[in-house]
Amino acid sequence: QGKGLFATKNIRKGETVFVERPVVSSQFLWNALYNYRACDHCLRALETAEENAQRLLGKSSLVLPHPEQCSIRKDLHQQCPRCQVMYCSAECRQAALEQYHQVLCLGPSRDDPTHPLNKLQEAWRNMHYPPETSSIMLMARMVATVKQAKDKEWWIKTFSQFCNKTANEEEEIVHKLLGDKFKGQLELLRLLFTEALYDEHLSRWFTPEGFRSLFALVGTNGQGIGTSSLSQWVHACDALDLPMLQREELDAFIDQLYKDIEKESGEFLNCEGSGLYVLQSCCNHSCIPNAETSFPENNFLLHLTALEDIEAGEEICISYLDCCQRERSRHSRNKILRENYLFTCSCPKCLAQADDADVTSDEEEEGEGETDDAELEDEMTDV
């Protein structure tokens, strides 16, 4: 788990505990597959709420009411002049250039399948069970950040703050991505990673054990990031002070819009990625958390919000599981936590259920007839 984070003052329910910028972040590779367009640095959605809804609905004639509630400023968008990667602003383009993009910019080789970085990404796509994560490019940005930095040791020390255990020896748990069935794939990834990014200051990251540690660091600490111009527009509309009839009409429109989008596009509505956050990574897990993370600014800024009153000196806990996973049995919850985070949970909920039978939840029992690959695919959606 994390190192533990404790409230320094009384915090009321609904209050923001902190807002945090990631040390490094990256989009998921699947964004391009679904034609999502997000800033390559901060993950802010690049399409307007109306464009977002039109694409997800497959209906170019759709018009959203209250377009002024959409905050997307296309006039501010910029792209890298060499590789055409898109950013939401000049500030993001400059920030990326100064931190890591000089190393990772493909320039005219963007579509060259023989370029080492393209080979690395293609290998990841081919060997990874969908949906793909940004793990490999998050690792690439970590290396690129150190390579570009003047104070390399500062960055190495910053990354070393994150847990990078590949196994929990006490409980004989190994991270699921590092098991026997992945050994050959990991070695191929390591060789391609080395070809694309080797740096002598980070030589230990490129050794077999060091690469496993880097993989575990990202797998254990990576915080999912979701951004959407449509959801931000909806939140802005919810805050409008409207006459009752107009409010009812707008709410009905939004409800129907989401139903239609779900029918057309399913659940993949957001631009998504992953980031490393120093404070958030310190938070321990609880199956009954007293705080939760969100991304209300439509970018990579993480907001931690209290779900209940938290007294000064009390530990702030988040859930490493999503809402559906938290409703599963103690046995099922701990199976996920052991495989992804290398610990067995002892929160009040798990302790209260300690005498429950070690059986999986109904959701998992329904899928018992699935193949091992199908089960693995489902588990890896959260990595």
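This write-up is about the structure you can find in this document. Computed from a predicted model, the values in this text were never measured in an experiment.

What counts, and where the lines are drawn
- Residues numbered from 1 in each chain as written.
- Predicted model: local features only at pLDDT ≥ 70, side-chain atom pairs only at ≥ 80, totals over all residues.
- Heavy atoms only, no water.
- Helix = DSSP H or I, 4+ residues; strand = E, 2+ residues; numbered from the N terminus.
- Contact = heavy atoms within 4.5 Å.
- Areas by Shrake-Rupley, 256 points an atom, 1.4 Å probe, with all protein chains shown as cover.
- 1 Å grid on protein atoms, 1.4 Å probe; cavity = no way out; pocket = protein on both sides within 12 Å on 5 of 7 lines; lining within 4 Å.
- Points joined across faces, edges and corners; volume = space filled by probe spheres on them.
- Nonpolar A, V, L, I, M, F, W, Y, C, P; charged D, E, K, R; others polar.
- Axes fitted to C-alpha atoms, helices over the stretch in contact; angles between N-to-C directions.
- Parallel < 35°, antiparallel > 145°, perpendicular 65-115°, else oblique.
- Left-handed = near helix turned anticlockwise from the far one by under 90°.

**As for the overall build of the protein chain**
Logical step 1: Counting secondary structure elements, the protein chain contains 16 helices and 12 strands.
Logical step 2: Considering only contacts in the protein chain between residues 6 or more positions apart, those separated by 24 or more positions represent 73%.
Logical step 3: Put simply, the protein chain shows about 19000 Å² of open surface, and 49% of that area lies on carbon and sulfur atoms.

**Remarks on the layout of surface pockets**
Logical step 1: Taken as a whole, the second largest pocket holds about 840 Å³ of empty space.
Logical step 2: Lining the second largest pocket are 30 residues; nearest its centre among them are L29, D40, V85, R110 and Q121.
Logical step 3: Looking at the lining of the second largest pocket, the element that brings in the most residues is helix α4 (residues 116–127), giving five residues.
Logical step 4: Split into classes, the residues belonging to the lining of the second largest pocket amount to 16 nonpolar, seven polar and seven charged.

**Description of the packing of α4 against helix α7 (residues 183–197)**
Logical step 1: Taken N-terminus to C-terminus, the directions of α4 and α7 make an angle of 160 degrees; their axes are 8 Å apart at the nearest point. The angle between the axes of α4 and α7 places the two elements in the roughly antiparallel class. Two packed elements cross with a definite hand, and for α4 against α7 that hand is left-handed. Facing P116, L117, K119, L120, A123, W124 and M127 of α4, the residues of α7 in contact are Q185, L188, L189, L192, F193, E195, A196 and L197.
Logical step 2: A per-class count over the contact of α4 with α7 returns 12 nonpolar, one polar and two charged.

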